[in-house]
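Spelled out from the first residue to the last, the chains are:
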Amino acid sequence: HIYIYSNSFLVGDAALATLLCNHLLDRYSIYLQSINYPTVERGTERLRIAATPFHTSEMIDQLVDALKHVWKDVGLTLKDIEQQPSSVNLRHHA
């Protein structure tokens with residue numbers, strides 16, 4: 001299982017956040033919003049996840065798998081995600 005406790009993921013770089021969003025959209029047809037300066041301070045850029053009641057467990061599983069792939073593709077580690085502060089629990093079902 002992978003547990004993700006946030007509705008946004010800290011990336012820390014605007015160009016990298018945009019690249020992640022583009023990879024998710026191009027490769028997996030998943031749209032996540034990049035949150036950049038001036039909405040957040042420079043160095044705290046992130047990806048926003050807006051889950052709705054219409055998103056199924058299968059869709060969430062697909063998102064988690066896609067995030068893991070693109071996260072690694074741009075040189076980030078899963079440890080980067082796991083160390084983020086908790087607020088909302090998004091869980092990958094094994």
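All of the points below concern the structure found in this document. Treat the numbers as computed from the prediction; the structure is a model and nothing was measured. Numbering of residues starts from 1 in every chain and runs along the sequence as written. Local features in this predicted model are restricted to residues of pLDDT 70 or higher, and side-chain atom pairs are both shown and tallied only at a pLDDT of 80 or more, whereas totals for entire chains, interfaces and linings draw on every residue. To get the side-chain values, all heavy atoms of the structure are used, and hydrogens and water are removed first.

A word on the overall build of the protein. Strands are runs of DSSP state E lasting at least two residues, helices are runs of H or I lasting at least four, and both sets are numbered from the N terminus onward. The number of helices and strands found in the protein is three helices and five strands. Secondary structure elements of the protein occur, N-terminal to C-terminal, as β-β-α-β-β-α-α-β. Burial status follows relative accessibility: with a 1.4 Å probe on protein chains alone, a residue under 20% of its type maximum counts as buried, one over 50% as exposed, and anything between as partly exposed. Split into buried and exposed, the 94 residues of the protein put 35% on the buried side. Note on areas: Shrake-Rupley with a 1.4 Å probe; residue coverage comes only from the protein chains shown. Of the roughly 6,000 Å² of accessible surface on the protein, 51% is carried by carbon and sulfur atoms.

The rule for a salt bridge is simple: a side-chain nitrogen of Lys or Arg has to be within 4 Å of a carboxyl oxygen of Asp or Glu. Inspection of every chain in the model, using the stated rule, returns two salt bridges. Between arginine 27 and aspartate 73 there is a salt bridge, with its nearest N and O atoms 2.4 Å apart. Pair noted here: arginine 27 is in helix α1 (residues 14-28) and aspartate 73 is in helix α2 (residues 57-73), with a separation of 46 residues, a long-range link. In this structure, aspartate 65 engages lysine 68 in a salt bridge whose closest nitrogen and oxygen atoms are separated by 4.0 Å. Residue aspartate 65 and its partner lysine 68 are located together in helix α2, separated by three residues, close to a single helical turn. When its relative accessible area of 25% is taken as the criterion, lysine 68 is described as partly exposed.

Glancing now at the sheet that holds strand β3 (residues 33-35). Taking strand neighbours across the sheet as the criterion, the three strands line up as β2-β4-β3 in an open arrangement whose pairing is antiparallel. In the strand order of this sheet, the two ends are held by β2 (8-10) and β3, each with one partner. Between one strand axis and the next, the sheet turns by 25° as a mean value, whatever way the strands run. Summarising the sheet, β2 and strand β4 (residues 46-48) pair through three bridges and their orientation is antiparallel. Bridged to phenylalanine 9 within β4 is leucine 47. Only strands that DSSP links by at least two bridges are regarded as paired with each other. For helices, the fitted line uses only the C-alpha atoms of the stretch in contact; every axis is such a line through C-alpha atoms, and the angle between N-to-C directions lies from 0 to 180 degrees.

Packing of α1 against α2 leaves a shortest axis separation of 10 Å and a crossing angle of 130°. By the angle class used here, α1 and α2 are oblique. Pair α1 / α2 crosses with right-handed handedness. Packed against α1, whose contacting residues are Leu20, His23, Leu24, Arg27 and Tyr28, the element α2 presents Ala66, Leu67, His69, Val70, Trp71 and Asp73 at the interface. Within the contact of α1 with α2, the residues separate by chemical class into seven nonpolar, two polar and two charged. Oblique is the label for any angle not under 35 degrees, not over 145, and not in the 65 to 115 range, which are roughly parallel, roughly antiparallel and roughly perpendicular in turn. It is the rotation of the near helix from the far one that decides the hand of a crossing: anticlockwise by less than a right angle makes it left-handed, clockwise makes it right-handed. The contact criterion used throughout is that any non-hydrogen atoms of two residues lie within 4.5 Å. Residues are grouped as follows: Ala, Val, Leu, Ile, Met, Phe, Trp, Tyr, Cys and Pro are nonpolar; Asp, Glu, Lys and Arg are charged; all remaining types, including Gly, are polar.

A word on unusual backbone geometry. With an omega dihedral of 15°, the bond running from tyrosine 37 to proline 38 counts as a cis peptide bond. With respect to the helices and strands, proline 38 occurs in the loop between β3 and β4. For serine 29, which is not glycine, the phi dihedral falls at a positive 55°. Within the secondary structure layout, serine 29 lies in the loop between α1 and β3.

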